[in-house]
Every structure is written in structure tokens, then in C-alpha cells.
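Each chain is listed here by its residues.
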Amino acid sequence: MSSAADQYIREVLHSAEAPPTIPVRYFYTSPLAIDDPLSPLPPPATGSSTARRQPPRPFSEYDNEAINETWLGLRKKILKHNEELGEKRRSVDGPPTPTAATSTYPAVMRLKRKRGGSAYGEERLGASQGKDVPSVRASSMGRYSRSADVGEDNSPSSSSGPQAATLSGSMRALALDPNESSPRAETATTGMPFTRLPARGNAPSARVSGSLEEHRPPAPQVTDSYNWDEEMEPALPGVKDKGTSRRPQKPSSGPSATVPVGVSRLHHVAMDAESIRMEPTYWAPINDIAQVLRGTWFYKDTMMPVEVDVANMLEAGYLELRPWTETWKDELNSAVEVGALGEMKILHKLWPEKPKRVESRPSTANQMLSTPGLTQSTMPEEAVDAEKERRTMLEHVCDMIDISTGPEGPDNKAAGDTEYGHGGRKNVYRSAGVMYASETEAYILKPALQPSNYYGRRPLANYIRKGRPIGIPVVRGFDQTAWNKLHPPKKSATAQQAKHGVSSSQSGAPPFQRQRSDPALALSDRPQVTDLVLVIHGIGQKLSERMETFHFTHAINAFRREVNVELGDSDVKRHLRKNMGGCMVLPVNWRLRISLEAEATGPAQTEDPAKNTYGLKDITPNTLTSIRGIVSDVMLDVPYYLSQEHHPKMVSACIQEANRIYRLWCQNNPGFSEWGRVHIIAHSLGSVMAMDILSDQPTVVDPRFANPACPESDIPKDQFIFNTTNLFVCGSPVGFFLLLRNATLLPRADKEKPGADSYATRGVGGTQGTYGCIAVDNMYNIVNGYDPVAYTLNAAVDVAYAATLRPCFIPPATSSLFAFSNPFRAPPHPHDVPHPDRPSTLRLPSNVELETHDFSREDIAEKRAYALNDNGQVDFFLKYGGGPLSIEYITMLGAHSSYWVHRDFVRFVVCEVGRREGRGGTLRGLRAGKRKGVGVGHGV
């Protein structure tokens, strides 16, 4: 903005006393509470609009301050950007002539009338202003006299009606017809305490003769319609609408900013000149982009934000009546003394109504219709777009609010959009009136509750001053104390455990530094993340595009919540290593990166007329469409993966998505690639993909790939750019795929695993590129006995060694009177190190067994098992279902997808990720044990 515009706003538009700054609060409409580590699962949904119907949730105080600071900084950048854009337009188009300026910019004519300046000079002033700093308008501060309406009444017998009485100040100027002057703009004051002096400047000029409007028939009166005079037109043509009801059609090219939010910093608020929204940081948004609302006025009974349009209209009336001044207090007291008539004069109409036009003489068009012999006029009547006019009014209301504070001051506008309002629906209150009871309180009154001398209604004296409820009370500014009383935080034991176990990404602010000022992270025992867990999904994610409840991200959000709870449990803490920090779980949505159905038969060959190209839809019958759609979205991922054409695409999509997440994580958490660890959980088909990738993975990855400065072109496309510490597979058919290839599950011979020295033994490990030889420290195969897709893997290590092991069941995480030997509750012994080379003493081998037994094979098998897992085995079984009333076939239906909410599985993953390295850190109940009655040579 130019210095001339700044000076004009300071001298002409700004009042002597600016309105108080509003304690704004930002809300978001996501069903997932980002500041609650124990947030519930999202409700069942089938469309993207469900999240918008959820009650908005407030950001934490820490995040709210950061968002508002960024908002105000972005506001200044947008002003500067629009100023530069205006300078470029003038340099390209050149200075317009006064005639063009007057016809193109209606505000120029107004400025010329007000200040007597040249048209070109005033045009430069208006053109230099940005979007958020509006063009100057004569009636923006609203100081027209209200005294002329003292003698009127809103009784049914009143001839003049209530419309003129409710059109006051700047709102009256908005509703005036452009071709008529105000009959009350220059009325003298009465001396009543609740009257005001006229605003600077004169009333709108008289009708311009010879215009085309004189020959048009009068436009029909439409309910809730507002037409504006020429003084309220935008100063620049083509300026985008600022109304909150209109959504941006494409991303803005101007300045923008992002702010990381949430207790774990997994989301960010993105804002630009068009919108403000909350998006996930590490996964692609699918129906989970949350609308962000900037609240200024709030419902007193719930402290929920008032609808954006209503809040801005409330603020416009607040600027006009100036309830923060002592003068307004005197007006309220005088209104109580006068009675109902006095209260009628302090009632502010929320939405101004346009008064009916009074024709002084019949128009030319009417004369043509009534004069015999003249042809009827065929000129079309001007259509009235009520919604467009409402948006225009809201735009100018926002301009008035901007002018009241200035570009360097606070922003008192509400912004954003939400479909949720008071009572669960979005309200507009078109016929309501507002009574400002104090500096921070107001009451929205429907017509039946508004003051009336005819009916003797006095809401101020009989209700508001006596503390009796009436209408809808609203307050200006957010009250955190009131919110805590109305919405008390969770204080259960599980919620406290989650607050102790939650951790956070840095995202610009070190967690330990943020912990001192952010209450959401204050109770965390491990605010900094040391272990990153990437979860690779299996089949069925194509179905999530149509059914949101099947989205893998929702399941991982629930799994992360349970991880936070377990990290805060005292039974788990005693098993964690000393340098263990937080554990962050992120989904790897590889299926959303590719489309396989359109290329099911290869690329089209248009140059070959004999080439037949067809797709999945061409071979799908039209019967059982719903069932076939589910089968196609869920089951066809398996044959696609087995095909030679689509297999590389699916593997590459998984690698690129995991690498993208890891690079972004390292960018937001500097130094993580040096001291952090990465683990992988793979489910169903994802475990098969992990086996393929880790078989070709280098044993040690170059750390420079994690550096954000590394060019994207140097990132390998056929491998992970991180070293994998632990691999957890659940519901996994990997055993079957190893059987198909006649492969053995092997460790890497050149990998130096902590606490192991048996890699150099011949026959124990393998090399890179051998299928089944994976580059990990430990591998875990979690099996649900009722899961028909899961297979065991101990036999893939060594079939004879697997026959000697008893099944290892994961200890239950729940407390029970019968769980006497729960290893999670037993503290680890510092010298409790297993000795796998000691044979079982239950039965000594005979001389014949000693002479015929091949000890070299058993030694290789045992070393191989411990190289793959410190517990000496790979298979771990979950206790699921069972009982006298259990039916196996019914239990089977939910077994394959039950891992993420199974508490035993969650605790098992947390303990194995956070335990000390080597065999000395393993839990006693998870170590390999021989079957009873099995000797050294059994099964060999």
C-alpha cells in the first residue's frame, strides 16, 4: 500500500479509539482430535462431507498462538503482493483517462466527490490497495444519525414500517439505493444519549439524469436481497470475492504459509489468500482435509464459534455502535429509562434490509406500458441474485473491519467455513436483531423477542439486566476457562498413560523446548522420537476410495493411539532401553500412488489396427455389481502382484512412498538419520512386498540419501534409503511365497548385528539379491491362529529346528488373576542372558543319538535363527477368539484385520522396538524353548 493510502486511512477512516483486539481462536472440523493422544476412531463415513458436519475442535493454546502469528504475518505479505501486482498492472496498462476511471472504478467518483481530487490521482490510490486492505468508502465507519427514528414504532399500525428504523450507520448506507439520497442522512440530532453525529462527508449524490437505468422498469422486490450503491463497489475490477461461502476453484499463486499443529506434529495448517485448511503432513489426504475456522464471536452456552458470516456481521454492528465506549453504557442506561421505545433504538439489525423504493414520478417504461398506441418495452428486467448480493455485502463488511484496525493492527475478522453451527446446523439469522449488552456480550433475538413499544417487550430491562435467559447469547472473544468448564478434559487412567507416552516430530521446534510451553506435551516422558515405524498395508486399499472406513490411515491412527498408551504404561517402561525416546507410527499408502486397472492389458497401440486393447470393465458382467466391485477392489491386488507387468510398478510404488515419508521426516527432524532407528510393520500382501524389497536391499545404506540437500535424481528407486532394524509381518503369506520359490529365510552374512558373532559361520547367512535373505536385525512373524492368510516361518529357517520348538504365544497385556507369570510384569534381570548352546536337560540323549546326530546342521540352524531374531525364533502367536461359545468360521472373518486394535500385538511391538539390543534385552517368555520330551536328536 502506498504512503498516501496509509495517510488517508489514518486521517479520514480511522476512529480516535480503535476497537479492542479480539482473543481469536482457531477451530478445525476433523473427526480426529489431533491434540488428544487418546482420540477416538473416526465415525463411519461414506463421503467427504461427513467430517465437515462434525463439531469443530479448538486448537491448543500453543498452536493457536502460532497460527494467529503466522496469519497476521501472511496478511501483510498478501497486502504487499497485491500492491506489487497493482503496480505491474499500471505499468502495463498505463494511466487511464479520467472518463475511463470514472466509469470503471465507481470508488473513484466517490473519492472525487469527497476530497475534490483528480480522478487519476484517486484512481491510483484505489488501485494500489490490496485484497485485504479494501478501498476506502464513505460510510465504512457508520456514523450516521439514529435520532431521526426516535418517533417511529414497529407496531402493526405503523405506516412507515420497521425497515427504516433498523437501517442505521454504515449498514443503512449499504442498503440505500444507488440512485436515491438518504432522507435521514442530514437530520438533526435530538440530544438523546444514544444518538450519534453524522459521518464525515455528504449524502450520496442525486440521480444522474440520462442514464440507462431511468428507462428500465423497477426491479421486483426479492426477500433477503441487497442491492448496493455505487459507493460500495470494489475499487478494483476483477478482485476475487472475499465471502466465506465461496470456495476457491484452484490453488492460489500468491503468498502462502504452513504451520505444524497437533501434539505429535503430524498435521499442518495451510493458509493463503483463498482458504485456510488443515492437511496431513506425511500421508496423502483422502477425505481428511479439515476446514479451519477463525472464530471471533462465540456462543456463550457452548463456546463454539459463531458462523463466519454471522460473526462478521456482529463485528460490523459492534464497530458501528461502539459498545466498548462509555458513551454506549450511557445509551443503554438511557434506553432502560425511556422504556420499550428506547430499547427499540439500540437494537441493531443483524442483516440490513433494503427499504422499498418510493417513485417520485412514473418511469419512462411505465409510461410506455400505460400510453395507448405505444409499443411495449421489451427490455429485460434486471435479475436479482440474492446470494451474490449477500457475498458482496459480506465483502464490504470485511473491508470495514479491516479499515477499523489497519494493515499493521490486529485482524478482527472471522474466516474459514464450516457446515456445523449452533444446534448442529449452519444458521444465518436473517430476520434477527442484536442487542449489545456490554463490551463483550451480545444477544441475538428473533422478531418475537425483539423490543416493541406496541407489545411492551423490554428484553434489556426485564431479561438481560436481570440475568434471565433470552435469545442466543454470544460473546466477543474466546474464553479458555469457560471452555474447560463446558468441555472438561479426559482424566481417566488410560488418558494419562497416553499423555505420558506421546511423542512429537520436531517440525521446527525441538520437542524438549516445546514441552516447557505446550501443555499438550508437558506430561510426555519421551517427547523426542527415536524410533520411526513405517506400516505397509496389504490388499483392499482400492476399496477405501469408495468406503472411507476401510482407509488404512484410520487404522494406523488407532494403532498409534494404542502405542502411546502402552509407552505410558509402567509395566512396559521397565523393559525399555535407557536411551529410548518416543515411537512414531506412519502409514505407507503405496496403493494410492498407482492405477492398475486402466493398464491391465498393457499400453494401447493405436498404430496397430490388429491390436486389441480392453480393460477390466470390458470383461466384468453387469450382474452383482456391488459384490464384483468389492472383489475387484480387494482381491485383484494379488493377481496384479503376481503378474510380470504390474509387479515392478507395485514394488516401486511402495519404495518411493516409504522413501518420501522418510526424507520428509528427516527434513522435519534434523539429525534423525544419525541417531534414529527405522522399523517396518507389513501386513498381508505388504509383507510379501517387504520381503522382495529387503532381499535386494543393500546391507548398509548410504546415509547421504536421507539428507534433504541430496538431489531427488540421486535417490535410488529400487531400494529403501534407510537401514531397517526390525521387520514385523502380520497376517503374512510370506511362508507360502518362500515355498513357491523353494527359498530359505536367511540373515545377511555381512551384517554386523549387535550382540551376535555368528554371521561369519559358513552356511548361516546369505548375500544381497538372494530371495529370503533380508537386510534386517530382527524379524517377527505374528500369527493369528484364526487368520486364514497367515503362515508360519520357523520351518523356512530350518524345518528340523522348527520341529523342536514349542509354540510361543505373546503374553497377554491385560491384568488377570491367572496371569501369575506374565513376563511384561516381571522386571528384567541384568544377568539374565539366555544360553542357546545349552541343550535341554529334560532328557539326556542316548549313545546311539550322540553317534548319529549331525551337530553341525543343528548348530547352523540355531545360529541362523538367532541371527534372524534375538529370541531364537521367528514365529509368535496371538491369542484370539476361543471360548465355549466361539465359532471358528465367524471368528475367522475379522481375524485378518484385527491386529491393529489387538492390545497384545501393540504391547509386543512396543516392547520389541524399545528393548535393549542383543539377546540380553529379550523377554523371558518370548525366548525359544524346546518342546517337552524332545531331545537333541529329535526330528533330525
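- You'll find the chain entered in an unreviewed UniProt entry as DDHD domain-containing protein, with Karstenula rhodostoma CBS 690.94 given as the organism.

## A few points about the overall build of the chain
Part 1 of the argument: Looking only at helices and strands, the chain features 30 helices and 17 strands.
Part 2 of the argument: Buried positions account for 51% of the 940 residues belonging to the chain.
Part 3 of the argument: A sequence separation of at least 24 residues applies to 80% of the contacts in the chain between residues at least 6 apart.
Part 4 of the argument: Carbon together with sulfur atoms contributes 53% to the accessible area of the chain, which is approximately 42,800 Å² in total.

## Some details on helix H15 (residues 493-501)
Part 1 of the argument: Within the span of H15, buried status applies to Ala495, Ala498 and Gly501. Buried residues in H15, looked at end-on, bunch into an arc of 130 degrees, giving them a common side.
Part 2 of the argument: Taken together, the buried residues of H15 touch helix H17 (552-567).

## Some remarks on the sheet that holds strand S16 (residues 776-784)
Part 1 of the argument: On the basis of which strands lie adjacent, the open sheet formed by 6 strands has the order S13-S12-S14-S15-S16-S17 and parallel pairing. Each edge of the sheet is formed by a strand with only one pairing partner; in this case those strands are strand S13 (582-588) and strand S17 (875-878). Strand-to-strand, the axes of this sheet are offset by a mean angle of 20 degrees, without reference to chain direction.
Part 2 of the argument: Two elements, strand S15 (residues 724-730) and S16, share 6 bridges in a ladder whose sense is parallel.

## Some details on the pairing of strand S11 (residues 472-476)
Part 1 of the argument: Counting buried positions along S11 gives 4 out of 5 residues, so the element sits mostly inside the fold.
Part 2 of the argument: Sheet topology places strand S7 (residues 297-299) next to S11; 3 bridges connect them, and they run antiparallel. Residue pairing for S11: phenylalanine 298 is matched across the bridge by valine 475.

## What to know about the packing of aromatic side chains
Part 1 of the argument: Evaluated as defined, the whole model comprises 30 aromatic pairs.
Part 2 of the argument: Ring geometry for tryptophan 297 versus tyrosine 436: centroids 6.2 Å apart, planes at 70 degrees, classification edge-to-face. Placement of tryptophan 297 in strand S7 and of tyrosine 436 in strand S9 (residues 433-436) is noted, with a sequence separation of 139 residues between them.
Part 3 of the argument: For tryptophan 297, a relative accessible area of 1% puts it in the buried group.
Part 4 of the argument: The exposure class of tyrosine 436 is buried, given its relative accessible area of 0%.
Part 5 of the argument: Seen from their ring centres, tyrosine 780 and phenylalanine 908 are 5.6 Å apart, and the 85 degrees between their planes marks the pair as edge-to-face. On the criterion of sequence distance, the pair formed by tyrosine 780 in strand S16 and phenylalanine 908 in helix H30 (residues 903-914) is long-range, its members being 128 residues apart.

Cut-off values and rules
- Residues numbered from 1 in each chain as written.
- Predicted model: local features only at pLDDT ≥ 70, side-chain atom pairs only at ≥ 80, totals over all residues.
- Heavy atoms only, no water.
- Helix = DSSP H or I, 4+ residues; strand = E, 2+ residues; numbered from the N terminus.
- Buried < 20%, exposed > 50% of the residue type's maximum accessible area, 1.4 Å probe, protein only.
- Contact = heavy atoms within 4.5 Å.
- Areas by Shrake-Rupley, 256 points an atom, 1.4 Å probe, with all protein chains shown as cover.
- Arc of directions from axis to C-beta.
- Pairing = 2+ DSSP bridges.
- Axes fitted to C-alpha atoms, helices over the stretch in contact; angles between N-to-C directions.
- Phe/Tyr/Trp six-rings, centres within 6.5 Å; stacked < 30°, edge-to-face > 60°.

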